[in-house]
Amino acid sequence: MAFDCAIIGAGPAGMSAAISLSAAGADTIVLDRAPRAGGQIYRSVADSPLADVSLLGEEYLQGAALIEAYENSGATHMADADVWHIGSDGTILFSRDGETHQIQTREILICPGAMERPMPIPGWTLPGVMTAGSAQVMLKSDAVTAENAVFAGSGPLLYLIVAQYLRLGVKVAGLVDTTPLANYRSAMHLGPSALRSWPMLHKGLSLLREIRASGIPFYRNARELRILGDQRAEGLSFHSNGRRDIRSDTVFLHHGVIPQTNITRALGLDHVWSDIQKCWHVKSNAWGQSSSPHISVAGDGARISGAEAAQSSGRVAAANILTRLGRINLQDRDQQCRLDHAFLAKQAPFRRFIDTLYNPAPALSLPEDPDTLVCRCEEQSVQNLRDGFDKGAANPNALKSLTRCGMGPCQGRQCGPIVTGLLAKWRGISEADVGYYRLRSPQRLLNLKEFSRFHALSAQSDKEAAE
Amino acid sequence: MNADVLIIGGGIQGCATAYHLAKSGVSVIVLEKDYAGRHASGVNAGGVRLLGRDIAEVPLSKASMQMWQGLDKTLGEDTGFRRRSLINIAADDADIETLRARQQVMQSAGHSHERLMDQQELREALPHVHPSCLGGVTSDLDGYAIPYKATLAFKRAAIRAGARFMEGEELISMRRVGPVWLVQTRTADYEGDTVVNCAGAWADKVATMIGDQVPLSHAAPMLMITTRLPHFAGPVVGAVSRQLSFKQFANGTVLIGGGAKGFADRARNETRLDYAKLASAARTAIEFFPIMAGASINRMWAGLEAYMPDNLPVIGPAANADRAFHAFGYSAHGFQMGPITGKVMADLVIGGICDFDLTAFRIDRFDRKTL
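Quick caveat: nothing in here was measured; it's all calculated off a predicted structure.

(A) The overall build of chain A, seen in detail. Secondary structure summary: chain A contains 18 helices and 23 strands in total. For a compact globule of 467 residues, the expected C-alpha radius of gyration is about 23 Å, and chain A comes in at 22 Å, within 12% of that figure. Buried residues in chain A amount to 57% of all 467 residues. Considering only residue pairs separated by 6 or more positions, chain A has 68% of its internal contacts joining residues 24 or more positions apart. Carbon and sulfur atoms make up 51% of the accessible area of chain A, which amounts to about 18,600 Å² in all. Computing the positive centroid from 47 side-chain charges and the negative centroid from 46, chain A places the two 6 Å apart.

Pasting the structure below:
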């Protein structure tokens, strides 16, 4: 017996979809890597280690209600399930408790979420340099903060973590904002249409006001960033009305988020380059269906639109899957999705505004110094890649075969976007024409012993295992 | 575009053939439908193996092995070749018997490169092997190279010698018109006096265009590689009768093969993996080398490879056309043969003869007499 639908990832999109699917009687399994549902954004909200969780903000708290609804939905939840292979034949393999499990499903909904865009400034691989996202994980999961850290980069998530630090009374050495002045100019004319999403706009503006009011050093239009230190981070050097150095053991970088496409890549689905979001999107229609009709995508893993939109896109994808399963007809689907489609349409101008305002500065997306590492796993620098390119490796796969760039444990997650960008620059063609690595399962490191313990499970026994 | 010789396929056989021809002053164009080294030549296990070859292949393989020892120098490139020896492990008495019989055949043919090992020698060479293993057989000159690097090395050396590579050029048609071969791709027309078919898993289609029918099949041998481990195996490791094959590279990563096959989708240029079979290869690896239980698999993949019914390649002139030659169907052990193939094909193209008996590799060896 196979499941009607398997959902990968229990973030806002996956949870919302599971609620809809289960309510309509579809046999649904959700595979999630974390010990508890919630995804990155609602990580640990249901069992926070923080004394006063409200300091993390209202949006975070809202996640608790969604998690509760999801946990009561009747969907089979597989926590600690590390999915490492999805086949277009509906086979899913995952590791759990030191063994490999296999399930079969008719429909697949992939909600892998977002990852932070790599920010390869000189020294970005030194110990002590982390991402704003990892600051969030430490805070949410373990209530751990870093005293006197520098935050550098651009985008809403950067301001959010700084504000959260300030509310918790953690000393912040400075916020170095790299948003180029030109972005404000291009975003300005989009402002009026973004006003339709006033609550979201308001939220962003209040964060910035809160940070400014705190009086921490706040530098704008920063460029030419460089991590100080040889063996480990000793601070950040940058240009903002003159060259400045801030001394600190910890530098958090953030440069916006991009969809995680490793799973959809390994599935061989079509992907398109987005010139607006400056990243790859898995190709999908208004119902989240990919180039393979039985595989759908939702949430920030499909395109970056935030947690609320992720919930809408999860419900929309679920409704469409229900018609494919023969459980509801097309009229019902369209009726069910009216509000969500309207919401998605309404917030599009706001998203456009955010994408334009926080469009990544090219100088920060592509390393310029020949010694800067592109591939951290295999320690390949810009110069190593340039040598490979000069030897004739002109596409990402040939360059990978020649230099080992992208062969390491991160499966090219970090270097992939940079390699595409560098090759586009060197060849004078678009990212779309350069393409991306050909990826394979496993999605992450797989212990050989764990792999050798290979079990195929039915829907029934999986439910028992989950209980 | 015109050239004396058009080579179809930019794998290691095509690149090596281009190198040897260009070195001899022959004008060469290589037509490659993807990019050089995209398929089996670029993604295979990198084994450079003389051990355990079919007796018909031994003379060619021996000559190739000599070429490998100095190949980096010859080509002026890094192929990643390392001489490490190869050991095939005998797990039980039946394996020992198989090895003894093989030894007799090899000795009576005058070949002495395969040497039997007893249990003690095996343990000294591979201290982490399971203590129940009884012995093995080894060949000293064997080792490994980095497949994509080696293929690219031949390509770059060929280009320096004057060969031209046209990549992304898939054949639409090829026919002999009077004294020339006319080749059409999606974007251009080519003309040559001679064609050489090195098209790997697609070689039967090219052979048909030449006029030869051949029972070629294709499959997708699967591989997996671990993250870095402490060094525990110097020699390349195989087994007499089990699906076990691995090598530990200088950087500590371990490449595990063993011959398990996935699904080959030639029309779409794709392979899919059969994870249950790979899991069984993982079990075998742990059984023979318990130290591997803690290893982490980093990547898994498969390449599209061409197989002949007798697992021997096709090497030699076309049966049904003039000025056409074949070198394909190496059945998952052609990488080591690349260097000598290039030399043999160049000799055949230029002088019509070579130093080896190619009877076992004739393209028409499976032709049936019909009623």
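(B) Expanded view of the pairing of strand β4 (residues 82–86) of chain A. Burial analysis of β4(A) places 4 of its 5 residues in the buried class, which makes it a mostly covered element. Count of turn residues in the β4(A)/strand β5 (residues 91–96) of chain A antiparallel hairpin: 4 residues, of which A:Gly90 carries a positive phi of about 85°.

(C) Representation of the sheet that holds strand β11 (residues 218–219) of chain A in the model. All names here are of chain A. One open sheet accounts for 5 strands, arranged β8-β15-β9-β10-β11; its pairing is parallel. If you trace the sheet from one side to the other, it starts and ends with β8 (129–131) and β11, each paired once. Two strands pair when backbone bridges link them, and β8 and strand β15 (residues 251–255) are joined in this way by 3 bridges, in the parallel orientation. Looking across to β15, one finds that valine 129 is bridged to valine 251.

(D) Local environment of the interface of chain B and chain A. Contact with chain B, which involves 34 residues of that partner, is made by 31 residues of chain A. Overall, the association of chain B and chain A removes approximately 2,800 Å² of surface from exposure, summing both partners, and the carbon and sulfur fraction of that is 55%. The tally of links between chain B and chain A comes to 1 salt bridge. B:Arg228 is the partner of A:Glu378 in a salt bridge, and the nearest nitrogen-oxygen pair spans 3.3 Å.

(E) Region of interest: the packing of aromatic side chains. Per the stated rule, a full pass over the model turns up 19 aromatic pairs over all chains. Seen from their ring centres, A:Trp84 and A:Phe451 are 5.5 Å apart, and the 85° between their planes marks the pair as edge-to-face. Of this pair, A:Trp84 sits in strand β4 while A:Phe451 sits in helix α17 (residues 448–452), and the two are 367 residues apart along the sequence. Grouping residues by exposure puts A:Trp84 and A:Phe451 together as buried. Ring-pair connections join several aromatic residues into one group, and the members of that group are A:Trp84, A:Phe451, A:Phe454 and B:Tyr275.

(F) Looking closely at the domain arrangement of chain A. All names here are of chain A. Taken domain by domain, chain A comprises domain 1 (3–115 + 258–328), domain 2 (118–255) and domain 3 (366–434). A C-alpha centroid distance of 30 Å is found between domain 1 and domain 3. Each side of the interface is counted separately: domain 1 has 6 residues, and domain 3 has 8 residues. The three residues of domain 1 that bury the most area against domain 3 are Asn262, Trp273 and Trp280, which together make up 67% of that side's buried surface.

(G) Molecular detail of the state of the cysteines. Residues and elements named next belong to chain A. Per the counting criterion, the structure on display carries 0 disulfides over all chains. No disulfide involves cysteine 279; its sulfur sits 16 Å from that of cysteine 415, the nearest cysteine. Counting only cysteine sulfurs, cysteine 377 is the nearest neighbor of cysteine 410, a cysteine outside any disulfide, at a range of 3.8 Å.

(H) Geometry of the side chain of B:His326. Residues and elements named next belong to chain B. Topologically, histidine 326 is positioned in strand β22 (residues 324–328). Using a relative accessible area of 0% as the deciding quantity, one classes histidine 326 as buried. A polar contact is formed between the side chain of histidine 326 and the side chain of aspartate 212, at a distance of 2.8 Å.

(I) Molecular detail of unusual backbone geometry. All names here are of chain A. Looking along the chain, the bond that leaves serine 441 and enters proline 442 is cis, with omega of 5°. Relative to the helices and strands, proline 442 is located in the loop between α16 (431–434) and β22 (446–447). If you check the backbone angles, asparagine 221 has positive phi at about 50° while not being a glycine. Here asparagine 221 is to be found in the loop between β11 and β12 (223–228). Phi is positive for lysine 278, close to 50°, though the residue is something other than glycine. Of note, lysine 278 is situated in the loop between β17 (271–274) and β18 (279–282).

(J) Geometry of the pattern of salt bridges. Tallying each qualifying case throughout the model produces 35 salt bridges over all chains. One salt bridge connects A:Arg33 with A:Asp82, and the closest N-O pair in it is separated by 3.7 Å. Here the residue A:Arg33 occupies a position in the loop between β2 (28–31) and α2 (58–71), and A:Asp82 occupies one in strand β4, the gap between them amounting to 49 residues. The partly exposed category is assigned to A:Arg33, whose relative accessible area is 48%. Classification of A:Asp82 as partly exposed rests on a relative accessible area of 22%. With a closest N to O distance of 3.1 Å, B:Glu77 and B:Arg156 form a salt bridge. Placement of B:Glu77 in the loop between α4 (71–75) and β4 (82–83) and of B:Arg156 in helix α7 (residues 147–160) is noted, with a sequence separation of 79 residues between them.

(K) Inspection of the sheet that holds β12(A) at higher detail. All names here are of chain A. The 3 strands lie next to each other as β12-β13-β14, forming an open sheet whose pairing is antiparallel. Among the strands making up the open sheet, the edge pair consists of β12 and β14 (243–247). Averaged over all adjacent pairs, the angle separating strand axes in this sheet is 15°, with direction ignored. In this structure, β12 lies alongside strand β13 (residues 235–239), joined through 4 bridges in antiparallel fashion. Note that in β13 the partner of isoleucine 227 across the bridge is leucine 236.

(L) Main features of α2(A). Residues and elements named next belong to chain A. Helix length check: α2 (14 residues) gives 21 Å between terminal C-alpha atoms against 20 Å at 1.5 Å per residue, within 8%. When we look at burial in α2, the residues that qualify are Tyr60, Gly63, Leu66, Ile67 and Tyr70. Burial along α2 is one-sided: seen end-on, the buried residues are contained in an arc of 105°. Opposite the packed face of α2, turned more than 90 degrees from it, sit the exposed residues Glu58, Ala65 and Glu68.

(M) Representation of the domain arrangement of chain B within the structure. All names here are of chain B. Taken domain by domain, chain B consists of domain 1 (2–65 + 147–215 + 309–366) and domain 2 (86–139 + 217–307). Look at where the C-alpha atoms of domain 1 and domain 2 centre, and you get two points 28 Å apart. Counting residues at the interface gives 31 residues for domain 1, matched by 28 residues for domain 2. When domain 1 packs against domain 2, the two sides together hide about 2,200 Å² of surface, and 59% of this comes from carbon and sulfur. Where domain 1 packs against domain 2, one counts 1 salt bridge. Linking domain 1 to domain 2 there are 13 residue pairs in polar contact (both at pLDDT 80 or more). Secondary structure elements with two or more residues in the side of domain 1 that touches domain 2: α2 (40–43), α3 (58–69) and α8 (203–210). Residue composition of the side of domain 1 that touches domain 2, by class: 13 nonpolar, 10 polar and 8 charged.

(N) Structural detail: the nonpolar core. In this structure, A:Ile7, A:Leu109, A:Phe151, A:Tyr165 and A:Leu175 are the most contacted members of the largest nonpolar core, which totals 62 residues. Looking at this core, you find at least three residues from each of domain 1 (3–115 + 258–328) and domain 2 (118–255) of chain A. If sequence neighbours within four positions are ignored, A:Phe151 has contacts with A:Leu158, A:Ile161, A:Val162, A:Tyr165, A:Val172, A:Gly174, A:Leu175, A:Val176 and A:Phe252. Of all hydrophobic cores here, the second largest spans 47 residues; its members include B:Ala18, B:Ala36, B:Val48 and B:Ile340.

How each quantity is defined
- Residues numbered from 1 in each chain as written.
- Chains lettered and ligands numbered in written order.
- Predicted model: local features only at pLDDT ≥ 70, side-chain atom pairs only at ≥ 80, totals over all residues.
- Heavy atoms only, no water.
- Helix = DSSP H or I, 4+ residues; strand = E, 2+ residues; numbered from the N terminus.
- Rg over C-alpha atoms; globule rule 2.2 N^0.38 Å.
- Buried < 20%, exposed > 50% of the residue type's maximum accessible area, 1.4 Å probe, protein only.
- Contact = heavy atoms within 4.5 Å.
- Areas by Shrake-Rupley, 256 points an atom, 1.4 Å probe, with all protein chains shown as cover.
- Lys, Arg positive; Asp, Glu negative; His and termini not counted.
- Charge placed at Lys NZ, Arg CZ, Asp CG, Glu CD.
- Pairing = 2+ DSSP bridges.
- Buried area = accessible area lost by both parts, 1.4 Å probe.
- Salt bridge = Lys/Arg side-chain N within 4 Å of Asp/Glu carboxyl O.
- Phe/Tyr/Trp six-rings, centres within 6.5 Å; stacked < 30°, edge-to-face > 60°.
- Domains from an automatic or database assignment.
- Disulfide = S-S within 2.5 Å.
- Polar contact = N/O pair within 3.5 Å; in protein donor to acceptor, adjacent residues only side chain to side chain.
- Axes fitted to C-alpha atoms, helices over the stretch in contact; angles between N-to-C directions.
- Expected span 1.5 Å × (residues − 1).
- Arc of directions from axis to C-beta.
- Nonpolar A, V, L, I, M, F, W, Y, C, P; charged D, E, K, R; others polar.
- Core = buried A, V, L, I, M, F, W, Y, C linked by side-chain atoms within 4.5 Å.

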